[in-house]
Amino acid sequence: ARQGTIEAVVASTSPSPQKRPRSAFIEPAKTECEVSLEGIQLAESSLEDFVQSYMPLHGIDPKNPQETFKFLPTLTFVEGHLYDLDQANEDAINPSFGSKVGEVQEQWSDPCGPLRATLKQRGLWSPRLDSELF
């Protein structure tokens, strides 16, 4: 499922006939969506696999830094956030490491809400992403 999500992110960040203004990518998020360093580190293996295996299938040369880095920040953000959600789920099951169970349970009403809002704000949300995450 995770590879499908990454593919959907690439599809939504692919150049469109109507180029987005740069300001759309640097405007601060209106919805808080955080990614931990731990989530990003856990995402590293999946991202390496994706860059080597899936980018070529989308016509993206993984040996071309310009092409790879065009997608890497968004992919890292999304994948890191998904790993953070996995960790929150594990904390909810076993809250022995000082996690606050109430905080973890609160986010389960819509676990991908902040991610969805952030990607929508930047014009990166798509029906395909919605189907991959829900």
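As shown above, the structure is provided for reference.
Residues numbered from 1 in each chain as written. Predicted model: local features only at pLDDT ≥ 70, side-chain atom pairs only at ≥ 80, totals over all residues. Heavy atoms only, no water.

Student: I'd like to hear about the packing of helix α3 (residues 37-54) against helix α4 (residues 65-93), residue by residue, with values.
Tutor: One can describe the packing of α3 onto α4 by two numbers: an axis separation of 8 Å at closest approach and a directional angle of 130°. The orientation of α3 with respect to α4, classified from their angle, is oblique. Regarding α3 and α4, the two cross each other, and that crossing is right-handed. Facing E38, G39, I40, L42, A43, S46, L47, F50 and V51 of α3, the residues of α4 in contact are T68, L72, L75, T76, E79, G80, Y83, D84 and Q87. (Axes fitted to C-alpha atoms, helices over the stretch in contact; angles between N-to-C directions. Helix = DSSP H or I, 4+ residues; strand = E, 2+ residues; numbered from the N terminus. Parallel < 35°, antiparallel > 145°, perpendicular 65-115°, else oblique. Left-handed = near helix turned anticlockwise from the far one by under 90°. Contact = heavy atoms within 4.5 Å.)

Student: How would you summarise the nonpolar core if you had to cite specific residues and measurements?
Tutor: Counting 11 residues, the largest nonpolar core consists of C33, V78, L82, L85, C112, L115, L119, L124, W125, L129 and L133. Where this core is concerned, the elements lending two or more residues are α4, α6 (113-121) and α7 (127-133). With three residues, α4 is the single largest residue contributor to this core. The next biggest cluster of nonpolar side chains, apart from the first, holds 10 residues, and it includes A43, L72, L75 and Y83. (Core = buried A, V, L, I, M, F, W, Y, C linked by side-chain atoms within 4.5 Å. Buried < 20%, exposed > 50% of the residue type's maximum accessible area, 1.4 Å probe, protein only.)

Student: Just give me the short version of α4, but keep the residues and values in it.
Tutor: Compared with the 42 Å implied by 1.5 Å per residue over 29 residues, the 40 Å span of α4 between its first and last C-alpha is a close match. Where α4 begins, one side-chain oxygen reaches toward the backbone nitrogen of Q66, 2.9 Å away; that side chain belongs to N64. (Expected span 1.5 Å × (residues − 1). Polar contact = N/O pair within 3.5 Å; in protein donor to acceptor, adjacent residues only side chain to side chain.)

Student: Tell me what's going on with the side chain of T76, and back it up with residues and numbers.
Tutor: With respect to the helices and strands, T76 occurs in helix α4. Setting aside residues up to four positions removed in sequence, T76 forms contacts with I40 and L47.

Student: Could you give me a rundown of the packing of α4 against α6, with the residues and numbers involved?
Tutor: Relative to each other, α4 and α6 sit at 165°, their axes nearing to 10 Å. Accordingly, the angle class assigned to the pair α4 and α6 is roughly antiparallel. With respect to the hand of their crossing, α4 and α6 are arranged in left-handed fashion. When α4 is examined against α6, the residues T74, F77, V78, H81 and L82 are found in contact with a partner set consisting of L115, T118 and L119. Looking at the contact of α4 with α6 residue by residue, the class counts come to five nonpolar, three polar and no charged. (Nonpolar A, V, L, I, M, F, W, Y, C, P; charged D, E, K, R; others polar.)

Student: Describe α6, naming the residues involved and giving the relevant values.
Tutor: Here α6 has its buried residues at G113, L115, R116, T118 and L119. Buried residues in α6 make contact with α4 and α7. Directly after α6, the chain includes G123, whose backbone phi takes a positive value near 75°.

Student: Summarise the state of the cysteines; cite the residues concerned and give the values.
Tutor: In total, this model carries zero disulfides according to the counting rule given. In this structure C33 is not part of a disulfide, and its nearest cysteine sulfur, from C112, lies 9.0 Å away. Given a relative accessible area of 15%, C33 falls into the buried group. Take C112: its relative accessible area is 7%, and that puts it in the buried class. (Disulfide = S-S within 2.5 Å.)

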